[in-house]
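# Fold and contact review
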Amino acid sequence: MVNFDVTLKGHYEKTVTISGKSLEDAVANLHILLADPDLIGFSNEDFCYGEASFAGEDDEEDGCLEYEECTDCPYYCPLHEECRYEDGD
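This report concerns the structure included in the present document. Please read all numbers here as calculations on a predicted model, not as lab measurements.

## Quick look at the packing of aromatic side chains
- Under the defined criterion, the tally for this structure stands at three aromatic pairs.
- Considering the side-chain rings of Phe4 and Phe54, the 6.0 Å spacing of their centres and the 85° angle between planes classify their relative orientation as edge-to-face. Taken together, the residues span a long stretch of sequence, with Phe4 in the segment before β1 (6-12) and Phe54 in strand β2 (residues 47-54) at a distance of 50 residues.
- Owing to a relative accessible area of 59%, Phe4 belongs among the exposed residues under this scheme.
- Summarising the aromatic geometry, the rings of Tyr12 and Phe42 are spaced 5.1 Å apart at their centres and angled 40° between planes, so their arrangement reads as tilted. Pair noted here: Tyr12 is in strand β1 and Phe42 is in the loop between α1 (23-35) and β2, with a separation of 30 residues, a long-range link.

See the structure below:
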């Protein structure tokens, strides 16, 4: 049996409400929240997607630029590199 080093990345998405006396105060509170992710209380339902890469694996470009402008769209799935809009219906 051979062992491989694999880097796993999990991506979560959750909307939270941040309070503050001002925008600067809210940003400071956000930094406190981000410094301790346990305060956020992510659950399995908050999991969006994950990816894995093996150590030494060459990053290969897909070559398809069909979704290039979609990367900022909330329906774009970077894991599958496609629009997931129809999946939500």
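From this point, the narrative continues.
## Looking at the environment of Phe42
- For Phe42, a relative accessible area of 37% translates into the label partly exposed.
- Placed 28 residues apart in sequence, Phe42 and Lys14 show a C-alpha to C-alpha distance of 7.4 Å.
- If we ignore the near neighbours within four places in the chain, the residues touching Phe42 are Tyr12, Glu13 and Lys14.

Cut-off values and rules
Note on numbering: residues in each chain are counted from 1, in written sequence order. Only residues with pLDDT of at least 70 get local features here, since the model is predicted, and only at 80 or more are side-chain atom pairs given and counted; chain-wide, interface and lining totals rely on the full set of residues. Side-chain metrics rest on all non-hydrogen atoms present in the structure, leaving aside hydrogens and water. The rule is short: rings of Phe, Tyr and Trp, with Trp giving its six-membered ring, pair when the centres are within 6.5 Å, and they are stacked under 30 degrees, edge-to-face over 60, tilted in between. By the criteria applied, helices consist of DSSP H or I runs no shorter than four residues and strands consist of E runs no shorter than two, each listed in order from the N terminus. Summary of the burial criterion: residues with accessible area below 20% of their type's maximum are buried, those above 50% are exposed, and those between are partly exposed, where the area comes from a 1.4 Å probe applied to protein chains only. Contact criterion: two residues are considered in contact whenever any of their non-hydrogen atoms come within 4.5 Å of each other.

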